[in-house]
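Overview (structure and organization)
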Amino acid sequence: MSGYRIPFQRLTPEDDRDAITAAIARVVDSGWYILGPEVAAFEREFASACGAAHAVGVGNGTDAIALILRALGIGPGDEVITTPLSAAFTALAVTMIGARPVFADIDPERLTIDPAAVAAAISPRTKAILPVHLYGQPADMDALEAIARGIPIVEDCCQAHLATAGGRPVGTRGVAGAFSFYPTKNLGALGDGGAVITNDRDLAARIKELSNGGQSAKYHHAHAGVNSRLDEVQAAILRARLSGLAAATATRRRLAGVYRAALSGAPVSVLREFDSGHVYHLFVVRTTARPALQRHLADRGIETLVHYPVPISAQPAVRALEPRACPIAARVCDEVLSLPLSPALSEAAVAEIAAAIHDFEMR
Ligand SMILES: *Cc1c(COP(=O)(O)O)cnc(C)c1O
């Protein structure tokens, strides 16, 4: 328990409990726990929900990204251009396969990777471009496609389940999309989980093989793969939740609209919606007085979080690999504040949070 009157989000609302318990019981009784009927059914249902031809369940979102890159033949000596503003796992998926992340700074308003900065970062060693659909808002895919000129685009969709970019599903605009089912995501498991979607049948087959030890057939390891499988229990839980995802996404969008209207004239700036396919994984505002505002809200029982306090390019884990500074991301990391948002949040709570922000006095 967070101890806040209005927690940032509630991961297992009451109305989810029965469906989840039934899904778990079904797997317990089946006696089949790895790569069975639940994973196969979830892969079909998730691909269909995402408008993709294929989905492959994997262990988590980080592995989903790394497996796509590996299946594209990317490895040591190669560069992958990505954003400094994301969960650091985006860039760690690149280092995991021995490649080098190259950071292109973000667009100062959209906060997703800046296509012009990507263009400037392309080198003969660039083997992929890895945009993130941050906070549920799609990156500018039209502009990225225009400058990629044959360099594969791999989409980090870990915060963008069911989002569309320019009217087309995220994950299907590039060669493949990586999803996470970490419990806090728009579609969350009760543990780790992830998936890749793609319209490329061969790529899907290579990823499936790599994720299961590189086995071309049982006990025959054609490639030095990894062990990164989605398990049956999580797949069964995800199937139960997937059926309500479109409605939950509509609720997120509605609550974001309530926030937007209620925050007009408030002493924070609300991020603009650049694409109507935004799925509001997070509702983020900017303020130059973040520590004071966060304290002001906490004093009123309202929990807020920061996504993210440090640009990935400044993290000790990767700084030595990639010394390029990203000044826009650095400034944004000092200003962003994520307000409570989940489908279980009431409009009254949103109104109360907005009123508390109106009461905040800048010092
Ligand atoms: C959550 C997240 C990841 C990592 O997913 P895991 O399932 O935790 O490995 C990667 N990228 C982004 C943008 C994320 O939000």
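Placed above this text is the structure.
Below you will find a few notes about this structure.

What counts and how
Residues numbered from 1 in each chain as written. Predicted model: local features only at pLDDT ≥ 70, side-chain atom pairs only at ≥ 80, totals over all residues. Heavy atoms only, no water. Buried < 20%, exposed > 50% of the residue type's maximum accessible area, 1.4 Å probe, protein only. Helix = DSSP H or I, 4+ residues; strand = E, 2+ residues; numbered from the N terminus. Pairing = 2+ DSSP bridges. Phe/Tyr/Trp six-rings, centres within 6.5 Å; stacked < 30°, edge-to-face > 60°. Lys NZ or Arg CZ within 6 Å of the ring centre and 35° of its normal.

**What about the pairing of strand E8 (residues 176-180)?**
- The element E8 is largely enclosed, with a buried count of five among its five residues.
- Residues Ala176, Ala178 and Ser180 point to one face of E8 and Gly177 and Phe179 to the other, with burial holding for every one of them.
- Relative to E8, strand E5 (residues 154-156) runs parallel, the two being bridged by three bridges. Its bridge partner lying in E8, Asp156 is registered against Ala178.
- Both E8 and strand E9 (residues 194-198) contribute to a ladder of four bridges, which runs antiparallel. If you follow Ser180 over to E9, its bridge partner there is Gly194.

**With respect to the packing of aromatic side chains**
- Under the counting rule described, the total for this entry stands at six aromatic pairs.
- Judged by centre distance (5.4 Å) and plane angle (85°), the ring pair of Phe42 and Phe181 falls under edge-to-face. Here Phe181 lies in the loop between E8 and E9 and Phe42 lies in helix H2 (residues 37-50), a separation of 139 residues in the sequence. Here Phe42 matches Phe181 in class, with each residue buried.
- Seen in terms of ring centroids, Tyr259 and Phe283 are 4.5 Å apart; in terms of plane orientation they differ by 15°. Their pairing is stacked. Within this pair, whereas Tyr259 is found in helix H9 (residues 245-262), its partner Phe283 is found in strand E13 (residues 283-286), the two being separated by 24 residues in sequence.
- Site record: aromatic cluster; members linked through ring pairs are Phe42, Phe46, Phe179 and Phe181.
- A cation over a ring is seen here: Arg272 above Phe274, with NZ or CZ 4.2 Å from the ring centre.

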